[in-house]
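As a plain string of letters, each chain reads:
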Number of protein chains: 2
Amino acid sequence: MKKLLLQNQLCFPLYALSRQVTAVYRPLLDKLELTYPQYLVMLVLWEADNKTVGELGDKLLLDSGTLTPLLKRLEQKKLITRQRNPADERQVTITLTEAGRDLQALAADIPTQLQASFQIDDQQAIQLRQQLTTLLQQLSPTNESNQ
Amino acid sequence: MKKLLLQNQLCFPLYALSRQVTAVYRPLLDKLELTYPQYLVMLVLWEADNKTVGELGDKLLLDSGTLTPLLKRLEQKKLITRQRNPADERQVTITLTEAGRDLQALAADIPTQLQASFQIDDQQAIQLRQQLTTLLQQLSPTNESNQ
DNA sequence: CACAATTGTATTGTGTGCAATATAATAAAC
DNA sequence: GTTTATTATATTGCACACAATACAATTGTG
């Protein structure tokens with residue numbers, strides 16, 4: 001097999017599909033005035049509030065270079081607050097505001113709306129997610145075999 | 001199932017894995033002084049030279065807002081030329097320089113090197129690629145059911 | 001305790017992605 | 001054949017991603 005062909009690469013469909021899926025999210029997230037990465041941060045906080053920047057980064061595999069400006073924008077929108085941890089002034093704790101918590105209700109049906117765009121049954125979706133998650137764990141920095 | 005949980009989303013693993021895979025490419029592409037999207041453009045041109053900006057965009061699902069500056073950078077590196085099509089002055093034809101063609105030899109073993117990072121057998125990889133490609137076609141703009 | 005190493009976040013700079021708009025060339029409509 | 005519509009690329013502006021660096025707070029070491 002000629003490996004230097006776009007059609008034979010595993011990585012291009014991954015790259016392209018990721019962007020196309022984000023594009024499907026966009027009109028839904030526009031209503032909440034959120035970008036996709038901002039939505040991911042909100043998802044994490046809705047699940048468990050009061051995370052440090054580092055904890056958010058661990059969950060989302062993003063560093064402070066990406067998160068700090070993103071979080072400042074969420075702060076400007078009054079969805080979160082950013083405050084230094086008095087017990088360890090290096091850390092910054094991210095906390096949902098009431099408006100941030102309220103937004104969860106408006107986001108509740110996004111997963112269902114999105115699912116409708118995919119002609120894929122639940123079983124197949126779960127299996128695909130499992131496969132992607134396994135690969136993700138192989139590559140993630142917490143895997144010792146990647147230093 | 002609580003759909004508003006990060007762990008239950010299909011899209012987050014897709015987003016995160018895409019970035020992690022690009023990160024695996026990075027040290028390999030650094031040697032060629034290429035970014036991942038630049039590498040994708042070169043892949044298309046190695047397969048068939050003399051593409052217009054629009055044709056590259058169709059293949060890679062990128063628009064001129066992304067491609068134009070990217071192609072200018074490849075031009076600065078003397079890997080491609082950009083010239084208006086005399087038969088239709090609106091189009092810009094992208095052509096590999098000799099240096100651009102020569103670079104293919106240096107890129108030849110990237111797919112193999114990359115594969116080693118994935119603990120996934122060929123059969124599984126092909127099936128996963130098929131699944132991603134199918135989803136991609138469902139979402140791509142050429143699919144009528146998406147307008 | 002002093003002081004070096006580490007940790008957590010922020011900043012800077014570069015390169016995408018993408019929406020919105022601009023512009024020039026071609027095609028279509030009349 | 002002029003006018004209008006469409007097409008192909010470019011430009012602008014904003015928001016990621018991420019490498020590299022900076023900096024302050026904390027921890028480890030003697």
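Preceding this section is the structure that the text describes.
About the cut-offs
Residues numbered from 1 in each chain as written. Chains lettered and ligands numbered in written order. Predicted model: local features only at pLDDT ≥ 70, side-chain atom pairs only at ≥ 80, totals over all residues. Heavy atoms only, no water. Helix = DSSP H or I, 4+ residues; strand = E, 2+ residues; numbered from the N terminus. Buried < 20%, exposed > 50% of the residue type's maximum accessible area, 1.4 Å probe, protein only. Contact = heavy atoms within 4.5 Å. Areas by Shrake-Rupley, 256 points an atom, 1.4 Å probe, with all protein chains shown as cover. Lys, Arg positive; Asp, Glu negative; His and termini not counted. Charge placed at Lys NZ, Arg CZ, Asp CG, Glu CD. Axes fitted to C-alpha atoms, helices over the stretch in contact; angles between N-to-C directions. Parallel < 35°, antiparallel > 145°, perpendicular 65-115°, else oblique. Nonpolar A, V, L, I, M, F, W, Y, C, P; charged D, E, K, R; others polar. Pairing = 2+ DSSP bridges. Near = heavy atom within 4 Å. Polar contact = N/O pair within 3.5 Å; in protein donor to acceptor, adjacent residues only side chain to side chain. Phe/Tyr/Trp six-rings, centres within 6.5 Å; stacked < 30°, edge-to-face > 60°. Buried area = accessible area lost by both parts, 1.4 Å probe. Salt bridge = Lys/Arg side-chain N within 4 Å of Asp/Glu carboxyl O.

## A few points about the overall build of chain A
When helices and strands are tallied, chain A shows seven helices and three strands. Its helices and strands in sequence order give chain A the pattern α-α-β-α-α-β-β-α-α-α, from N to C terminus. Seen through its principal axes, chain A has C-alpha atoms that stretch 60 × 40 × 25 Å. The 147 residues of chain A split such that 48% are buried. Here the analysis covers contacts within chain A between residues at least 6 apart in sequence; of these, 47% occur between residues at least 24 apart. Counting only carbon and sulfur atoms, one obtains 49% of the accessible surface of chain A, whose full area is about 7,900 Å². Taking the 16 positively charged and 16 negatively charged side chains of chain A as two groups, their mean positions are separated by 8 Å.

## Observations regarding the packing of helix H2 (residues 36–47) of chain B against helix H4 (residues 64–76) of chain B
All names here are of chain B. Where H2 contacts H4, the two axes come as close as 11 Å, and the packing angle between them is 80°. In terms of orientation, H2 and H4 fall into the roughly perpendicular class. Contacts from Pro-37, Gln-38, Val-41 and Met-42 in H2 reach Leu-67, Leu-70, Leu-71, Arg-73 and Leu-74 in H4. Among the residues making up the contact of H2 with H4, the classes are represented as seven nonpolar, one polar and one charged.

## Description of the sheet that holds strand E2 (residues 80–85) of chain B
All names here are of chain B. Strand order across the open sheet formed by three strands is E1-E3-E2, with antiparallel pairing between neighbours. Whereas interior strands pair on both sides, the edge strands pair on one side only; in this sheet they are strand E1 (51–52) and E2. Pairing of E2 with strand E3 (residues 88–96), which is carried by six bridges, proceeds in the antiparallel orientation. Of the residues in E3, the one forming a bridge with Asn-85 is Asp-88.

## Digging into the protein's contact with DNA strand D
The full set close to DNA strand D counts 28 residues, and Thr35(A), Tyr15(B), Thr68(B), Lys72(B) and Arg82(B) are the nearest of them. Within 4 Å of the protein, atoms of DNA strand D come from sugar and phosphate in 78% of cases. Side-chain polar atom of Gln38(A) to a phosphate oxygen of DNA strand D: 2.7 Å apart, as the coordinates give it. Breaking the surface near DNA strand D down by element, the ones donating at least two residues are helix H2 (36–47), helix H4 (64–76) and strand E3 (88–96) of chain A together with helix H1 (11–30), helix H3 (53–60), H4, E2 and E3 of chain B.

## Overview of the protein's contact with DNA strand C
Around DNA strand C, the surrounding shell holds 28 residues, and the nearest of these are Tyr15(A), Lys72(A), Arg82(A), Thr35(B) and Gln38(B). Taking all atoms of DNA strand C within 4 Å of the protein, the share assigned to sugar and phosphate is 79%. Separating a phosphate oxygen of DNA strand C from a side-chain N or O atom of Tyr15(A) is a distance of 2.5 Å. Measuring from a phosphate oxygen of DNA strand C, one finds a side-chain N or O atom of Thr68(A) at 2.6 Å. Every element with two or more residues in the surface near DNA strand C is listed here: helix H1 (11–30), helix H3 (53–60), H4, strand E2 (80–85) and E3 of chain A together with H2, H4 and E3 of chain B. A class-by-class count of the residues in the surface near DNA strand C yields seven nonpolar, ten polar and eleven charged.

## Description of the pairing of E3(A)
Residues and elements named next belong to chain A. Bridge count for strand E1 (residues 51–52) against E3 is two bridges, and the pairing is antiparallel. Bridge pairing in E3 links Thr-52 to Thr-93. Hairpin connection, E2 to E3: the antiparallel pair is bridged by two residues.

## Regarding the environment of Lys59(B)
Tracing the sequence through the fold places Lys59(B) in helix H3. Accessibility expressed as a relative area gives 39% for Lys59(B), which makes it partly exposed. In this structure, Lys59(B) is in contact with Leu6(A), Phe12(A), Val44(B) and Lys51(B), ignoring residues within four places of it in sequence.

## Side note on the sheet that holds E2(A)
Taken in spatial order, the three strands line up as E1-E3-E2 (chain A) in an open sheet, and their pairing is antiparallel. The open sheet has two edge strands with one neighbour each: E1 and E2 of chain A.

## Here we look at the packing of aromatic side chains
Counted according to the given criterion, the structure contains ten aromatic pairs over all chains. The interplanar angle of 50° and the centroid separation of 5.6 Å between the aromatic rings of Tyr25(A) and Tyr39(A) together place this pair among those described as tilted. Residue Tyr25(A) is found in helix H1, and its partner Tyr39(A) is found in helix H2; the two are separated by 14 residues along the sequence. Assessed through its relative accessible area of 1%, Tyr25(A) is described here as buried. Pairing Phe12(B) with Tyr15(B) gives two aromatic rings, centres 6.2 Å apart and planes at 45°, and the pair type is tilted. Taken together, the residues span about one helical turn, with Phe12(B) and Tyr15(B) both in helix H1 at a distance of three residues. Overall, the relative accessible area of 9% leaves Phe12(B) in the buried class. What links up through ring pairs into an aromatic cluster is the set Phe12(A), Tyr15(A), Tyr25(B), Tyr36(B) and Tyr39(B).

## Focus: the interface of chain B and chain A
Taken together, the contact pairs 57 residues of chain B with 57 residues of chain A. Together, the buried faces of chain B and chain A total about 5,800 Å²; carbon and sulfur atoms form 68% of this surface. Contact with chain A buries surface across chain B, with Leu4(B), Arg129(B) and Leu139(B) losing the most and accounting together for 13% of the total. The interface formed by chain B and chain A holds zero salt bridges in total. Joining chain B to chain A, the criterion identifies six residue pairs in polar contact (both at pLDDT 80 or more). Counting residues per element, the ones that place at least two in the side of chain B that touches chain A are H1, H2, H3, helix H5 (98–107), helix H6 (110–115) and helix H7 (122–139) of chain B.

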